Amino acid sequence: MDELIDTAEKKVLVDIVKMVQKRGMKGTKGDWKEFLNSYDKKFGSSLSDPARRSNDVLASFLKTFDKENDLKFLANVMQCCSNRKLVDELAKRNPDKETPVQGWVVTKLCKKSKVRRSDDMVAIDCEMVECVDGTEALVKICVVDRNLEVKLDKLVKPNKGVANYRTEITGITDADLDGVTCSLADIQKSMKKLLSNGTILVGHSVNNDLKVLKVDHAWVIDTSLIFKYSDGPTFRRPSLNNLCKSVLGYEVRQKGAPHNCLDDACAAMKLVLAKIDLQVANISIIDEDVPETNMAKLLLHRIPVHMPSEELHKIMPGNFTIEVKQPSKKPQGDKYSVYVVYKNSQEAQQAYEDVKGNQEKDSYGRPQKLVTFQLSTGIVGNLYVRKMAHDDSVQQVSSKKRALQVEENSVMSKKLITERTILKENLADSKQLCDHLKEIESLKEQLKQTSDQCSDHLEEIERLKQELGNRDFEISVLNKMVSKLQKDKKLKKK
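These figures come from a predicted structure and were not determined experimentally.

**Q** Tell me about the overall build of the chain, and name the residues and values.
**A** A tally of helices and strands in the chain yields 17 helices and 14 strands. Counting the 494 residues in the chain, one finds 40% classified as buried. Residue pairs in contact within the chain that sit at least 24 positions apart in sequence constitute 65% of those at least 6 positions apart. Total accessible area on the chain stands at roughly 28,400 Å², and carbon and sulfur atoms take up 51% of it.

**Q** Account for the sheet that holds strand 9 (residues 297-304), naming residues and giving values.
**A** What the six strands build is an open sheet, ordered 10-11-9-14-13-12; its pairing is antiparallel. With partners counted over all chains shown, the strands left at the sheet margins are strand 10 (321-324) and strand 12 (358-361), one partner each. Along the sheet, successive strands turn relative to each other by an average axial angle of 35°, direction set aside. In the packing of helix 14 (residues 345-354) onto the sheet, the strands contacted are strand 9, strand 12, strand 13 (367-374) and strand 14 (380-387), and the crossing angle to strand 14 comes to about 140°.

**Q** Mind laying out the packing of aromatic side chains, listing which residues take part and the relevant values?
**A** Overall, the coordinates contain six aromatic pairs when judged by the stated rule. Residues Phe 320 and Tyr 342 carry aromatic rings whose centres are separated by 5.4 Å and whose planes lie at 55° to one another, so their mutual orientation is tilted. Within this pair, whereas Phe 320 is found in the loop between helix 13 (312-315) and strand 10, its partner Tyr 342 is found in the loop between strand 11 (335-341) and helix 14, the two being separated by 22 residues in sequence. Look at Tyr 342 and you get buried, because its relative accessible area is 5%. An aromatic cluster is present here, built from Trp 32, Phe 35, Tyr 39, Phe 61 and Phe 65 joined pairwise through their rings. Lying over the aromatic face of Tyr 352, Lys 369 brings its terminal NZ or CZ to 5.1 Å of the ring centre.

**Q** Go over helix 2 (residues 10-23) with me, naming the residues and quoting the values.
**A** Over its 14 residues, helix 2 runs 20 Å from end to end, which matches the ideal 20 Å to within 8%, given 1.5 Å per residue. Gly 24 sits one or two positions beyond helix 2 and adopts a positive phi of about 70°.

**Q** Outline the pattern of salt bridges, supporting the account with residue identities and numerical values.
**A** It is possible for side chains of opposite charge to pair when their charged atoms get near one another. Per the stated rule, a full pass over the model turns up 13 salt bridges. The residue Asp 15 makes a salt bridge to Lys 11 at a minimum N-O spacing of 3.3 Å. Taken as a pair, Asp 15 and Lys 11 lie in helix 2 at a separation of four residues, close to a single helical turn. On the basis of relative accessible area, Asp 15 is assigned to the partly exposed category, the value being 34%. Among the residues examined, Lys 11 registers a relative accessible area of 61% and is labelled exposed. With a closest N to O distance of 2.6 Å, Arg 253 and Asp 264 form a salt bridge. On the criterion of sequence distance, the pair formed by Arg 253 in the loop between helix 10 (240-248) and helix 11 (261-277) and Asp 264 in helix 11 is long-range, its members being 11 residues apart. With relative accessibility at 4%, the residue Asp 264 sits in the buried group.

**Q** Please give an account of the confidence of the model for the chain that cites residues and values.
**A** With 77% of its residues at a pLDDT of 70 or more, the chain shows a mean pLDDT of 79. Every residue in residues 96-100 is under pLDDT 50, and counting partners more than four places away or in other chains gives 11 contacts. A low-confidence stretch, residues 393-419 stays under pLDDT 50, and its non-local contacts, those more than four residues away or across chains, total 34 contacts.

**Q** Got a sec to walk through the packing of helix 10 against helix 11? Specific residues and values, please.
**A** Orientation of helix 10 relative to helix 11, taken along the N-to-C sense of each, is 45°, at an axis distance of 10 Å. Classed by the angle they form, the pair helix 10 and helix 11 counts as oblique. For the element pair helix 10 and helix 11, the recorded crossing hand is left-handed. For the pair formed by helix 10 and helix 11, the contact residues are Leu 240, Leu 243, Cys 244, Val 247 and Leu 248 on the first element and Asp 264, Ala 267, Ala 268, Lys 270, Leu 271 and Ala 274 on the second. For the contact of helix 10 with helix 11, the class distribution of residues is nine nonpolar, no polar and two charged.

**Q** Please provide a residue-by-residue account of the side chain of Arg 53, values included.
**A** The topology assignment puts Arg 53 in the loop between helix 3 (32-39) and helix 4 (55-62). Looking at Arg 53, its side chain comes within polar contact range of the side chain of Asp 40, at 2.7 Å. At 2.9 Å, the side chain of Arg 53 and the backbone oxygen of Leu 47 are in polar contact. Those residues in contact with Arg 53, other than ones at most four positions away along the chain, are Lys 10, Trp 32, Leu 36, Asp 40, Phe 43, Gly 44, Leu 47 and Leu 58.

Basis of the calculations
Residues numbered from 1 in each chain as written. Predicted model: local features only at pLDDT ≥ 70, side-chain atom pairs only at ≥ 80, totals over all residues. Heavy atoms only, no water. Helix = DSSP H or I, 4+ residues; strand = E, 2+ residues; numbered from the N terminus. Buried < 20%, exposed > 50% of the residue type's maximum accessible area, 1.4 Å probe, protein only. Contact = heavy atoms within 4.5 Å. Areas by Shrake-Rupley, 256 points an atom, 1.4 Å probe, with all protein chains shown as cover. Pairing = 2+ DSSP bridges. Axes fitted to C-alpha atoms, helices over the stretch in contact; angles between N-to-C directions. Phe/Tyr/Trp six-rings, centres within 6.5 Å; stacked < 30°, edge-to-face > 60°. Lys NZ or Arg CZ within 6 Å of the ring centre and 35° of its normal. Expected span 1.5 Å × (residues − 1). Salt bridge = Lys/Arg side-chain N within 4 Å of Asp/Glu carboxyl O. pLDDT = per-residue confidence, 0-100. Parallel < 35°, antiparallel > 145°, perpendicular 65-115°, else oblique. Left-handed = near helix turned anticlockwise from the far one by under 90°. Nonpolar A, V, L, I, M, F, W, Y, C, P; charged D, E, K, R; others polar. Polar contact = N/O pair within 3.5 Å; in protein donor to acceptor, adjacent residues only side chain to side chain.

Written out as C-alpha cells, the structure reads:
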C-alpha cells in the first residue's frame, strides 16, 4: 500500500484525502486536521485544503491508516483510479471507437461542454448460467424503454462450456439454445447503441448485469439502492419482488417460479418511474416472508451461561417451550441463545409486547428489547429478546431432542454448577458468608456486563459509521441523478 501511495499522482491523493474526510476516517494520528496539527507545527490545520498540500504531506497522512477495513478501502480506491486512468488513456488514443479492456466495452460520455439534457432510459435484466470454469456467462437479456417497449430480447450462446443452466431460476435448458448464434460481442454492440448519447441504464442490482455483459456505463439507476427500508439499515437491499409488492402493488413472480427476464426489466422501469413521477419517498417495504412456524418463536440471545434455562420462565410471560439455538461460527464466549416457542404467532407477539425491557435495535436495524433480570441467587444480568426475521436460521429438532438440549444447556458448565453447589452448602453454614459472596458475584457480573456492552457498542458504532458513510455517498449520487431528471422533465414540459 505504501508503494502505491508513493507513486500516485497528486490529483489521486487529493481526491482520496477528500473522500477520507467525508467518511470521517481516522488514522493513528487522528483525522486530517488532527494530523496536520501534529505534522505541521508551522501552519497546522489552518491550511487544510488537500489541493494546497504537497504529495509528501498527503502521502504521510494516508500512511497513518493501519486498520484492515481502512486499508481495503484505500486499496479499492487506488485500483479504481488506476483502472479509470487506463481507460482514459486508451480512449484518447482512439476516441472514435469503443475502448476494449480485457473484453469490456466502455460507452461514450457526453462532452463536458454540453449540458446533459437527455432523459432517455432503458431497463435491463439478464439471466446467467454457471460455466465449467466456475465463472458466469450471459444466456438471456431483455431491454425495455420507459414506455415498456421491448428494445432487445435475445437468447445468447455462452462462449464457454456450461456446467449448470440453473433452470429453476433462469427457466432455460440446453435445448432452448439449439440454433442460437447470438454472442456476447453481438449483445455488446447492441448495448452500445442503446446507451449512446447519455441514455440512463436502469436495473435491479444492475452491477451484476453490467459485470456479465462486460459493459462499463456511467449513467445508472439501481432500484435496489434508491428505495430503503423505513425501519432498517441503509446497507440492506430489498428484493425486486418485495419492491413490486410495496410500491407497485403486485408480485413480479410467485414463490418458487423461475425468473422472467422481460417481467423483471419492466418492473425495474416501473419502479424508477414511480420514484420520479409519483414522488415516492422512503416507504415501508414488505419484508421477506417468515414461515408461520417461526413466527410463533422469539429469539433470546446474549444470555449469561450461569443462568439456567428454567429461569427464563420467570422472565418471559406466557406458556412456552425452549429450543436451544444452533451455535453460530462466531464465538459466543460466556453467552448462549435460545428460541422460546409459543402455541402460535399471536401469543409470541403478545409475549414480546408484555415483556418489560428497553426498546433497542440490533446491528441490522431490527427491533429488540434489552431485559434486565435478577436471579434467585441475587445475581443481576441482561439478555435480549427479538422477534423472528426472514434471515434467521432455525434448527428444527424433535421434542425429545429439544428436551435433551435444554437439559444439556442447564448444565453447560460443570465448573459453574460445582461452584453453585458449594455456594449452596455455604449458605446453610453461614448466612453472613453467603451475603458477601452474593455481593461480590453481583459486582463482578455487573462489571463484566458493562464492559462487554461497551465493547460491543463501540465496535458496532464504528462499523455502522463506516458502512453508513459508504451507502450515504452512493445514495446521494443517485438522488442527484433523480433530481436532475425531475428538473429536466419539468423544463421539457415548459
